[in-house]
Amino acid sequence: MKKSLLSVALLGLAGLAEAGVVVKNVPYEIDGEPFEGMLIYDDAVTDPRPGLLMVPNWMGVNDASAQKAARAAGDKYVVFMADMYGKAIRPTNADEAKAAATTVRSDRALMRKRAKAAVEVLKAQTSQVALDTAQLGAIGFCFGGGTVLELARSGAPLKAFVSFHGNLDTPNPADANNIKAPVLVLHGADDPAVPQEQVDGFVAEMKASKTDWQLVSYGGAVHSFTNPQANTPGSNQYHPVVAARAFQAMNNLLDEVFE
């Protein structure tokens, strides 16, 4: 397969491009409205691989999220990055991102619908890449982590759900009874965006539902600990050691659930 020049333009990382990382824009529609996600994979691998739906942070589909998707994909997974806002909405700053994310977070039915639609788009990529559609999971970051948990609560038939520094609250905790696969939450112990009361509520929710779940709380980590662009100490800050541990925890679970 010919390497995509788009991978160089989007990722800006020659090393990844040389390794065969491909990034393709994928247009799709939900109820007649245009959306556009990204398909990310290593084209040096030709055998079918498991697929991951990735829901990005509140900045949505952008170059930084493509880099994170490439890190998650490696040579093990095909990643499809969901567009949760619509093609016309591409936040350029925190205020725009907050407005877009709030619109979706305030309507959990809409959030679930858009996440489920993205799963179907991922499944349809078999003509583009060798993908094992029987082995699918979902991962998300910040806003995307909360979205992935809502996808799990909707009863989506995936193999695993992984949230990186995501919001844990839900207006319908009883919906956790619908969860069909293991849930892994990778949380910064000092994250001011996800206070302890929210963590406690999530733990109670999981216990009541008898879900197969894990919550890993990383000491010294705050919000956005996997984001190299995050540099607000005490609030949003990259933590490379914790990020590496968290991605390893993700891989450990996925190795377990993908047969």
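Residues numbered from 1 in each chain as written. Predicted model: local features only at pLDDT ≥ 70, side-chain atom pairs only at ≥ 80, totals over all residues. Heavy atoms only, no water.

**Quick notes on the overall build of the chain**
Along the chain, the regular secondary structure elements total eight helices and ten strands. Against the 2.2 N^0.38 benchmark of 18 Å for 259 residues, the chain shows a C-alpha radius of gyration of 17 Å, consistent with a compact globule. For the chain, the C-alpha atoms occupy an extent of roughly 50 × 40 × 35 Å along the three principal directions. Per-residue burial for the chain yields a buried fraction of 54% across its 259 residues. Surface summary for the chain: the accessible area is close to 11,000 Å², and the carbon and sulfur share equals 51%. Across the chain, the centroid of the 23 positively charged side chains sits 1 Å from that of the 28 negatively charged ones. (Helix = DSSP H or I, 4+ residues; strand = E, 2+ residues; numbered from the N terminus. Rg over C-alpha atoms; globule rule 2.2 N^0.38 Å. Buried < 20%, exposed > 50% of the residue type's maximum accessible area, 1.4 Å probe, protein only. Areas by Shrake-Rupley, 256 points an atom, 1.4 Å probe, with all protein chains shown as cover. Lys, Arg positive; Asp, Glu negative; His and termini not counted. Charge placed at Lys NZ, Arg CZ, Asp CG, Glu CD.)

**Some details on unusual backbone geometry**
Backbone geometry places C142, a non-glycine residue, at a positive phi of 55°. Looking at where C142 falls in the secondary structure, it is placed in the loop between strand 5 (131-141) and helix 6 (143-153). Non-glycine residue K210 carries a positive phi angle of around 60°. Positionally, K210 belongs in the loop between helix 7 (196-209) and strand 8 (213-218). Given a relative accessible area of 74%, K210 falls into the exposed group.

**Here's the deal with the pattern of salt bridges**
Evaluated as defined, the whole model comprises twelve salt bridges. One salt bridge in this structure joins D169 and R105, with 3.2 Å as the shortest N-O distance. Here the residue D169 occupies a position in the loop between strand 6 (161-164) and strand 7 (183-188), and R105 occupies one in helix 4 (residues 94-105), the gap between them amounting to 64 residues. Between E150 and R153 there is a salt bridge; the shortest N-O distance is 2.9 Å. Within this pair, E150 and its partner R153 are both found in helix 6, separated by three residues, close to a single helical turn. Under the relative-accessibility criterion, E150 is labelled buried at 0%. Salt bridges linked by common partners bring R105, R108, R112, E150, R153, D169, D175 and E205 together as one network. (Salt bridge = Lys/Arg side-chain N within 4 Å of Asp/Glu carboxyl O.)

**Overview of the sheet that holds strand 4 (residues 78-81)**
Here eight strands make up an open sheet; going across it, the order is 1-2-4-3-5-6-7-8 and the pairing mixed. Lying at the two open borders of the sheet, with one neighbouring strand each, are strand 1 (21-30) and strand 8. Within the sheet, the average angular offset between the axes of one strand and its neighbour, ignoring direction, is 20°. Examined bridge by bridge, strand 6 and strand 7 share four bridges and lie parallel to one another. Residue pairing in the sheet places S163 in a bridge with V185 of strand 7. (Pairing = 2+ DSSP bridges. Axes fitted to C-alpha atoms, helices over the stretch in contact; angles between N-to-C directions.)

**Looking at the packing of aromatic side chains**
Here the structure, examined in full by the defined rule, presents nine aromatic pairs. Here a set of aromatic residues connected by ring pairs shows up, and it is made of Y28, F35 and F80. (Phe/Tyr/Trp six-rings, centres within 6.5 Å; stacked < 30°, edge-to-face > 60°.)

**Notes on the packing of helix 5 (residues 108-123) against helix 6**
Contact geometry for helix 5 and helix 6: axes closest at 9 Å, N-to-C directions at 85°. Comparing the axis directions of helix 5 and helix 6 gives the class roughly perpendicular. Here R108, M111, R112, A115, K116 and V119 of helix 5 come into contact with helix 6, specifically with F143, G146, T147, E150, L151 and R153. The residue makeup of the contact of helix 5 with helix 6, split by class, is five nonpolar, two polar and five charged. (Parallel < 35°, antiparallel > 145°, perpendicular 65-115°, else oblique. Contact = heavy atoms within 4.5 Å. Nonpolar A, V, L, I, M, F, W, Y, C, P; charged D, E, K, R; others polar.)

**Quick look at the nonpolar core**
By size, the foremost hydrophobic cluster in this structure holds 46 residues, and its most contacted members are L53, F80, M84, L151, L158, F161 and V183. Per-element tally for this core: the top contributor is helix 5, with seven residues. (Core = buried A, V, L, I, M, F, W, Y, C linked by side-chain atoms within 4.5 Å.)

**What to know about the side chain of Q125**
For Q125, the location among the structural elements is in the loop between helix 5 and strand 5. Accessibility expressed as a relative area gives 8% for Q125, which makes it buried. Engagement of the side chain of Q125 in a polar contact is seen with the backbone oxygen of V121, the distance being 2.9 Å. Apart from residues lying up to four places away in sequence, Q125 is in contact with V26, L39 and L131. (Polar contact = N/O pair within 3.5 Å; in protein donor to acceptor, adjacent residues only side chain to side chain.)

**Observations concerning helix 6**
With respect to burial, helix 6 is a largely interior element, eleven of its eleven residues being buried. Listing the buried residues of helix 6 in full gives F143, G144, G145, G146, T147, V148, L149, E150, L151, A152 and R153. G155 occupies a position one or two residues after helix 6 and carries a positive phi of about 90°.

It is worth stressing that arrangement in space is one thing and function is another; only the former is reported here.
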